[in-house]
Amino acid sequence: MSLVDAATKPHDRLKAYLDADMEAVNTLIRTRMASEHAPRIPEVTAHLVEAGGKRIRPMMTLAAARMCGYDGADHQKLAATVEFIHTATLLHDDVVDESDQRRGRPTANLLWDNQSSVLVGDYLFSRSFQLMVETGSLRVLDILANASATIAEGEVLQLTAAQSLRTDEAIYTKVIRGKTAALFEAATEVGGVIAGADEVHVAALARYGDALGMSFQIVDDLLDYGGASGAMGKNTGDDFRERKLTLPVIRAVAVASDEERAFWRRVIEKGDQQDGDLEEAMRLMQAHGTLASTRDTALGYADEAKAALAELPAHELRDMLSDLADFVVERVN
């Protein structure tokens, strides 16, 4: 059966396998996002946390720990930590990007205001650090604190690189490794650490998370030029309208003729976008094969993720995580 079949999607199989753990994580999330004095905090947080996200990052933490033989409960706190960090970054991102849709619903900053989104995001970051400290592991705190700093660094780098045709693949790679892959890497790495796994296995889990995160973000950027709005939870062409230099655009600019470069300069650097420009951008990317080459790059990272997993002992969860790497790229036909 195809991975596209809902019954066989790897994240659904992971969710079923980790059902008891995920219930505990969801309870933790609901409990820790409460606020006695500021009711807007749980209102804003619940709007995003309960909007139907797949919870892939916390499931990766749970799976990594269980795969390494862990039978305690601290991995649940770490999974909730990872979800809080992720949710905080989404709240901040939507303000920075002036987005009005997230996971198919109006963004928090649209329903409330920018101030609420920023401050509630800050609250969730604080909650995440409280949770990770409770595990008593200085190494776990180090990994997740570094990941949080790297995420912020990636977002700032994206700000400085945005809307400039000088942005190249090296800068793009640094941006997505920071804003996306860093948390994927930390999510799997801390699962191995809390389980007391061998160092070679902890390192393999970290490499898996990094490569999966890279593949995930590249596919997300690719879907912006060919995905269905309902499936993505955002509008097709959002990145184009926000003048973001993602990989298929960067590659199209690199091989552009003078006329094509003038087009990219107008729509990206000057922001002078007109009816039909999105279609023209997609035509140019198709003509130069940059959509196909971007998918090949995502496939390469997915293969790296699976190769890292192969260094771990055989386990049903290892197979599911390997299938997850395939599924990430299968989102793009």
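Owing to the predicted nature of the structure, the values given are computational and were not obtained by experimental measurement. (Residues numbered from 1 in each chain as written. Predicted model: local features only at pLDDT ≥ 70, side-chain atom pairs only at ≥ 80, totals over all residues. Heavy atoms only, no water.)

K.L.:
Help me understand the confidence of the model for the protein chain, please; the structure alone is not making it clear to me.
P.N.:
On average, the protein chain scores 87 in pLDDT, and the residues at 70 or more come to 87%. Residue range residues 1–7 is modelled with pLDDT below 50. Its contacts to residues more than four positions away, or to other chains, number 13 contacts. Across residues 228–234, where pLDDT falls below 50, the model places 16 contacts with residues more than four positions away in sequence or in other chains. (pLDDT = per-residue confidence, 0-100. Contact = heavy atoms within 4.5 Å.)

K.L.:
Would you mind going over the packing of aromatic side chains with me for this structure?
P.N.:
Any two aromatic rings considered together are summarised by their centre-to-centre distance and by the angle between their planes. Evaluated as defined, the whole model comprises two aromatic pairs. Ring plane angle 40° and centroid distance 5.3 Å describe the contact between phenylalanine 184 and phenylalanine 216, whose orientation is recorded as tilted. Placement of the pair is phenylalanine 184 in helix H9 (residues 169–194) and phenylalanine 216 in helix H10 (residues 199–223), with a sequence separation of 32 residues. Given a relative accessible area of 0%, phenylalanine 184 falls into the buried group. (Phe/Tyr/Trp six-rings, centres within 6.5 Å; stacked < 30°, edge-to-face > 60°. Helix = DSSP H or I, 4+ residues; strand = E, 2+ residues; numbered from the N terminus. Buried < 20%, exposed > 50% of the residue type's maximum accessible area, 1.4 Å probe, protein only.)

K.L.:
How do you make sense of the pattern of salt bridges when you look at a structure like this?
P.N.:
Two side chains carrying opposite charge are able to pair once their charged atoms lie near each other. Across all of its chains, the model carries 17 salt bridges by this definition. Put simply, glutamate 134 and lysine 77 hold a salt bridge, and the shortest N to O gap is 3.1 Å. Here the residue glutamate 134 occupies a position in helix H7 (residues 114–134), and lysine 77 occupies one in helix H5 (residues 74–96), the gap between them amounting to 57 residues. For glutamate 134, a relative accessible area of 36% translates into the label partly exposed. For lysine 77, a relative accessible area of 22% gives the class partly exposed. Overlapping salt bridges, with partners in common, bring together Arg32, Lys77 and Glu134 in one network. (Salt bridge = Lys/Arg side-chain N within 4 Å of Asp/Glu carboxyl O.)

K.L.:
What is the right way to look at the packing of helix H8 (residues 138–161) against H9 in this model?
P.N.:
Packed helices, taken two at a time, are described by the angle between their axes plus the distance between the axes. With their axes 8 Å apart at the nearest point, H8 and H9 run at an angle of 165° to one another. On the basis of the axis angle, H8 is roughly antiparallel to H9. The chirality of how H8 crosses H9 is left-handed. Residues Arg139, Val140, Ile143, Leu144, Ala147, Thr150, Ile151, Gly154, Glu155, Leu157, Gln158 and Ala161 of H8 pack against Ile171, Lys174, Val175, Gly178, Lys179, Ala182, Leu183, Ala186, Glu189, Val190, Val193 and Ile194 of H9. In the contact of H8 with H9, the residues fall into 15 nonpolar, four polar and five charged. (Axes fitted to C-alpha atoms, helices over the stretch in contact; angles between N-to-C directions. Parallel < 35°, antiparallel > 145°, perpendicular 65-115°, else oblique. Left-handed = near helix turned anticlockwise from the far one by under 90°. Nonpolar A, V, L, I, M, F, W, Y, C, P; charged D, E, K, R; others polar.)

K.L.:
I would appreciate a short explanation of the side chain of threonine 290 in the present structure.
P.N.:
Considering the arrangement of structural elements, one finds threonine 290 in helix H16 (residues 290–309). Once residues within four sequence positions are removed from consideration, threonine 290 is found in contact with Pro248, Arg251, Ala252 and Met285.

K.L.:
Would you take a moment to explain the packing of helix H1 (residues 10–17) against helix H17 (residues 316–330) for this structure?
P.N.:
Running from N to C, H1 and H17 cross one another at 150°; their axes reach a closest spacing of 8 Å. Put simply, H1 runs roughly antiparallel to H17. The interaxial crossing formed by H1 with H17 has left-handed handedness. On H17, the residues that touch Pro10, His11, Arg13, Leu14 and Tyr17 of H1 are Glu316, Leu317, Met320, Leu321, Asp323, Leu324 and Phe327. Residues that form the contact of H1 with H17 fall into these classes: eight nonpolar, one polar and three charged.

K.L.:
Got a minute to help me understand helix H15 (residues 277–287) in this structure?
P.N.:
Within an α-helix, residues lying three or four positions from one another point in the same direction, as the helix has 3.6 residues per turn. Regarding H15, the residues found buried are Asp277, Leu278, Ala281, Leu284 and Met285. Each buried residue of H15 lies within a common arc of 125° when the element is viewed along its axis, so the set occupies one face. Turned more than 90 degrees away from the buried face of H15 sit Glu279, Gln286 and Ala287, all of them exposed. Against the buried residues of H15 lie helix H12 (238–241), helix H13 (247–254), helix H14 (258–269) and H16. Just past H15, the residue glycine 289 takes up positive phi, approximately 70°. (Arc of directions from axis to C-beta.)

K.L.:
Which parts of the structure should I look at to understand unusual backbone geometry?
P.N.:
Glycine aside, residues mostly have negative phi angles, and peptide bonds mostly take the trans form. Positive phi, normally seen in glycine, also occurs at glutamine 163, with a value near 65°. By secondary structure assignment, the location of glutamine 163 is in the loop between H8 and H9. With phi around 60°, arginine 243 is a residue other than glycine that occupies positive phi space. With respect to the helices, strands and loops of the structure, arginine 243 is situated in the loop between H12 and H13.

K.L.:
Help me understand H17, please; the structure alone is not making it clear to me.
P.N.:
Its 15 residues place the ends of H17 21 Å apart at the C-alpha level, agreeing with the 21 Å of an ideal helix rising 1.5 Å per residue. Listing the buried residues of H17 in full gives Leu317, Arg318, Met320, Leu321, Ser322, Leu324, Ala325, Phe327, Val328 and Val329. Check the buried side of H17 and you find it contacts H1, helix H4 (56–67), H10 and H16. (Expected span 1.5 Å × (residues − 1).)

K.L.:
Would you take a moment to explain the environment of isoleucine 56 for this structure?
P.N.:
Take isoleucine 56: it is sitting in helix H4. Sequence-wise, isoleucine 56 and leucine 14 are 42 residues apart; in three dimensions their C-alpha atoms are separated by 8.9 Å. Once you skip the residues sitting within four places of it in the chain, isoleucine 56 turns out to touch His11, Phe184, Phe216 and Leu324.

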